[in-house]
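Chains, contacts and geometry: an overview
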Amino acid sequence: MTGDPQSSRAQPLVNLLIVEDEPRYLESTRLLLSQYVNGVDSAVTGAQAYALLAQKGYDLALIDLRLPDASGHDIMARIRQEQPRCRVIVMSGDSHIESAIQSLRLGAYDYLRKPYEPDELIKTVRNAARKLQLERDNARMMQQLEQSEQWHRLLVNTSPDIIYTLDAEGCFTFVNESIQRTLGYTPGELIGQSCLTLLPPGELERARFRINERRTGERATRNFEIPLKRKEDLLSSLGERTSQDIVVVELSAMGMYRTVDGERKEFLGTYGVARDISDRKQAEATIAFQAYHDLLTGLPNRALFKDRLGQAIVHAKRHGQILATLFLDMDRFKVVNDTLGHLVGDGLLQAVAQRLRGCLREGDTLSRIGGDEFMLLLPHIRNRENAAYIAQKILSSLKHPFHVEGHEIFVGISIGIAVFPDDGDTIETLVKHADIAMYHAKDSGRNDFKFFTHDLQKHFTGRLAVENEMRHALEKSQFEVYYQPQVSVQDQRIRGMEALLRWNHPQRGVVPPNDFIPIAEESGLITPISEWVLNAACTQARTWREASLPACTMAVNLSARQIEHPQFVDKFTHCLSENGMADGSGLEIEITESALMRDMDGSIEKLRRLADLGVEISIDDFGTGYSSLSYLKKLPIHTLKIDRSFIHDINGHTHGTVNNGTTIVAGITAMAKGLNLNVVAEGVETRAQLDYIRSLGCDAYQGFLYSRPVKASRATEILARAR
């Protein structure tokens, strides 16, 4: 069908067939009824009537019982058989009652006896047409209702939510097909069953009056989360098994009522909608886990650890108990990351976390708080020895190697322990004190555990204060470079100046290097400080050169962190260019053996680039670190500097005294000469020491015998005197 309104109006609402053998009656009837119907056909014989009935359908027929070639009852029988919806009105002059009864038996709508009044005929036809229209309207409405019910059922059954109704006793009267997708039950299995069938035993009291809600309006259940039981064989048809037999739904339900006797309301049952929120709950659980756990190891993170520590402190205070907080830091983990890569590093962290778990009691909390740092909470311990036992157990477990990505790796760990309540009674205090104790364990040789003491705090606080003050020392120009002459052993001519850093502290005066250089190296401040010293020394060398003072080499100490910087060579050469020393001549850099060992391959490449520029390379404090002929051959070294500790042991050989100091100095000198390297002795303070190193063939010395480290102005005077 099309929706064209004109097409709809063109179709007759009532098609009328008149069968009458009297032309006068036929024509008058046609004229009389044409305005009340939409189409009129006529027949004067039975044959014509049959022919018309075969061609089209009729809604209403006026039939005379007496026709020349047929009986009106026969035509009625044909209509009843072929067009049962057609209404028949009999028009007859037959006065016998049997005729009327027969007509009614054949389905006649009405019987008009001739002669009849026109108004009577019009009224009868109009009533028949009206009844016919009502039947049509009713049929259309029924069709619409049926279609609406089909649409409603389709919408309800395709809804992802469970939609249900209960009777007044709480039994299912309807449930849509979503129940099967969500819980595995077919609707037929639940119809007539109590709604409590779906509730887990532990939820009956909490949820029974929610799922079987009687309230309406604002008091009705809205978005109430409850668990429902799955049917046990939900996935059996797929050949799968699941241990998850609970589905969390969000329920909205309300009571259904009808009004009785105008006022009283009768409870009919409950209407409810339940939405499966299992995926959302799983997502929320995942987010919550990620918020409070380390994703690499699955351990609690810092936030969760502090929460558990806070609860443990409250419990310990209430019951007068002891607990311990352990701070664990893996030793030299950076070396693993730098040499084997972060993939191996991550695998090692996971393996370490797994092994640490095996050392703990039930109820202990192990947390990864970042990088290679872990924290451990030991509640309910009897004494400090219990914490020491766990710490030692951890250290013992780590003696065995780890195998990660084909690499065998040995791991050490430094542990600091703080005990409640002796070492602190708050989260922050216990964590801080355990951290301090851990650093003490590292300072004491690593791979060990130490308890916190208040003396440690004073030491740590002092180190922290020095670090903080150093951060501002550069900005406030508190650093100053002193210079100590390096003197030729044979002719006492100044051959070089070593740049040495001093800190002019506003309250403590001049701070010795040993009091702040180790802290600067540990904190990373040594890099900017070393760069500042290099620039100051190059600037001073240019000043002396421009003043036409005797030529001498400027020696500058470099830190391991400075050399490890990716842009070390570029920064170094830029500093030389700015001070007119682009060719590198007249500059010597001093590096300790321990600094070289941190990254031997990288150091060799960078130092060779500097040596190619003309910069001289000197190994400082030689003999105190990894003295080895192999690296001496690989590196572009020009000079070895004998550490002052060996020179200090020389008491003079003129009286025949031989000790370890003289033996080591003699050995180092002989080795250096064999490698064609220059030798400089540090810390020469007596004439006897000078005489001894001269006898060995040392090239130069520096020490208090000639001059202490002095300010630039004093060093300038010394150089001027040496013209």
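A few points on the structure. Note that this is a predicted model, so its numbers are computed, not measured. (Residues numbered from 1 in each chain as written. Predicted model: local features only at pLDDT ≥ 70, side-chain atom pairs only at ≥ 80, totals over all residues. Heavy atoms only, no water.)

Regarding the overall build of the chain
A count of helices and strands for the chain gives 27 helices and 26 strands. Its C-alpha atoms give the chain a radius of gyration of 54 Å, clearly above 27 Å, the size a compact globule of 723 residues would have. Across its three principal directions, the C-alpha atoms of the chain cover 175 × 65 × 50 Å. Here the chain holds 723 residues, and the buried ones make up 44% of them. Taking the intrachain contacts of the chain between residues at least 6 apart in sequence as the baseline, contacts between residues at least 24 apart amount to 62%. Carbon together with sulfur atoms contributes 50% to the accessible area of the chain, which is approximately 38100 Å² in total. On the chain, the mean spot of the 84 positive side-chain charges and the mean spot of the 95 negative ones are 2 Å from each other. (Helix = DSSP H or I, 4+ residues; strand = E, 2+ residues; numbered from the N terminus. Rg over C-alpha atoms; globule rule 2.2 N^0.38 Å. Buried < 20%, exposed > 50% of the residue type's maximum accessible area, 1.4 Å probe, protein only. Contact = heavy atoms within 4.5 Å. Areas by Shrake-Rupley, 256 points an atom, 1.4 Å probe, with all protein chains shown as cover. Lys, Arg positive; Asp, Glu negative; His and termini not counted. Charge placed at Lys NZ, Arg CZ, Asp CG, Glu CD.)

Points about the packing of helix α12 (residues 333–340) against helix α13 (residues 342–357)
α13 packs onto α12 with a crossing angle of 140 degrees between their chain directions and a minimal axis gap of 7 Å. In terms of orientation, α12 and α13 fall into the oblique class. Of α13, the residues touching α12 (which contributes Phe333, Val336, Asn337 and Leu340) are His342, Val344, Gly345, Leu348 and Leu349. Of the residues assigned to the contact of α12 with α13, the class counts are six nonpolar, three polar and no charged. (Axes fitted to C-alpha atoms, helices over the stretch in contact; angles between N-to-C directions. Parallel < 35°, antiparallel > 145°, perpendicular 65-115°, else oblique. Nonpolar A, V, L, I, M, F, W, Y, C, P; charged D, E, K, R; others polar.)

Thoughts on the packing of helix α11 (residues 302–319) against helix α15 (residues 427–443)
Where α11 contacts α15, the two axes come as close as 10 Å, and the packing angle between them is 110 degrees. When the axes of α11 and α15 are compared, the pair comes out roughly perpendicular. Seen from above, α11 lies across α15 with right-handed handedness. Here Lys306, Leu309, Gly310 and Ile313 of α11 lie close against α15, whose contacting residues are Ile427, Leu430 and Val431. (Left-handed = near helix turned anticlockwise from the far one by under 90°.)

Some thoughts on the pattern of salt bridges
Under the defined criterion, the tally for this structure stands at 34 salt bridges. Linking aspartate 329 and lysine 442 is a salt bridge whose minimum nitrogen-to-oxygen distance equals 2.9 Å. Residue aspartate 329 is located in strand β11 (residues 322–331), and its partner lysine 442 is located in helix α15; the two are separated by 113 residues in the primary sequence. According to the relative accessible area criterion, aspartate 329 is buried, its value standing at 7%. Ionic pairing is found between aspartate 423 and arginine 384, a salt bridge with its closest N-O pair at 3.7 Å. (Salt bridge = Lys/Arg side-chain N within 4 Å of Asp/Glu carboxyl O.)

Details of empty space enclosed by the protein
This structure, assessed with the given rule, holds one cavity of 30 Å³ or more. Counted as a void, the largest cavity has a volume near 70 Å³. Lining the largest cavity are Ile162, Tyr164, Phe172, Ile179, Leu198, Ile211, Ile226, Leu228, Val249, Leu251 and Ala274. Taken together, the elements giving at least two residues each to the lining of the largest cavity come down to β6 (162–167), β8 (221–229) and β9 (246–260). Residue composition of the lining of the largest cavity, grouped by class: 11 nonpolar, no polar and no charged. (1 Å grid on protein atoms, 1.4 Å probe; cavity = no way out; pocket = protein on both sides within 12 Å on 5 of 7 lines; lining within 4 Å. Points joined across faces, edges and corners; volume = space filled by probe spheres on them.)

Focus: the sheet that holds β6
Spatially, β7-β6-β10-β9-β8 is the arrangement adopted by the five strands of the open sheet, whose pairing is antiparallel. Single-partner strands in this sheet number two, and they are β7 (172–175) and β8. Each adjacent strand pair in this sheet contributes to an overall mean axis angle of 30 degrees, direction not counted. Taken together, the six bridges between β6 and strand β10 (residues 264–276) define a ladder with antiparallel strand orientation. Following the sheet pairing, tyrosine 164 is matched in β10 by glycine 272. Lying over the sheet, helix α10 (residues 278–292) contacts β8, β9 and β10, oriented at roughly 135 degrees with respect to β9. (Pairing = 2+ DSSP bridges.)

Remarks on the pairing of strand β22 (residues 587–592)
Here β22 lies mainly inside the structure; five of its six residues are buried. Here β22 pairs with strand β23 (residues 616–622) via five bridges, running parallel. The residue of β23 that forms the bridge with isoleucine 591 is isoleucine 619.

Some words on the sheet that holds strand β2 (residues 39–43)
The parallel open sheet is built from five strands, whose spatial order is β2-β1-β3-β4-β5. Looking at the sheet topology across the chains shown, the edges are occupied by β2 and β5 (108–113). Averaged over neighbouring strand pairs, the angle between their axes works out to 15 degrees when direction is ignored. Both strand β1 (residues 15–19) and strand β3 (residues 60–64) contribute to a ladder of four bridges, which runs parallel. What sits directly across from leucine 16, in β3, is leucine 60. Across the sheet, helix α4 (residues 72–82) is in contact with β1, β3, β4 (87–92) and β5; its angle to β3 comes to roughly 160 degrees. Across the sheet, helix α6 (residues 118–158) is in contact with β3, β4 and β5; its angle to β5 comes to roughly 175 degrees.

Remarks on the nonpolar core
Counting 75 residues, the largest nonpolar core has Met470, Met554, Phe572, Ile589, Ile591 and Ile693 as its most contacted members. Counting residues per element, this core draws most heavily on helix α18 (residues 526–546), which supplies eight residues. When neighbours within four sequence positions are excluded, methionine 470 is seen to be in contact with Phe479, Trp503, Phe516, Ile519, Ala520, Leu525 and Ile529. Core analysis: the next-biggest nonpolar cluster, separate from the first, contains 36 residues, Ala324, Met330, Leu378 and Leu395 among them. (Core = buried A, V, L, I, M, F, W, Y, C linked by side-chain atoms within 4.5 Å.)

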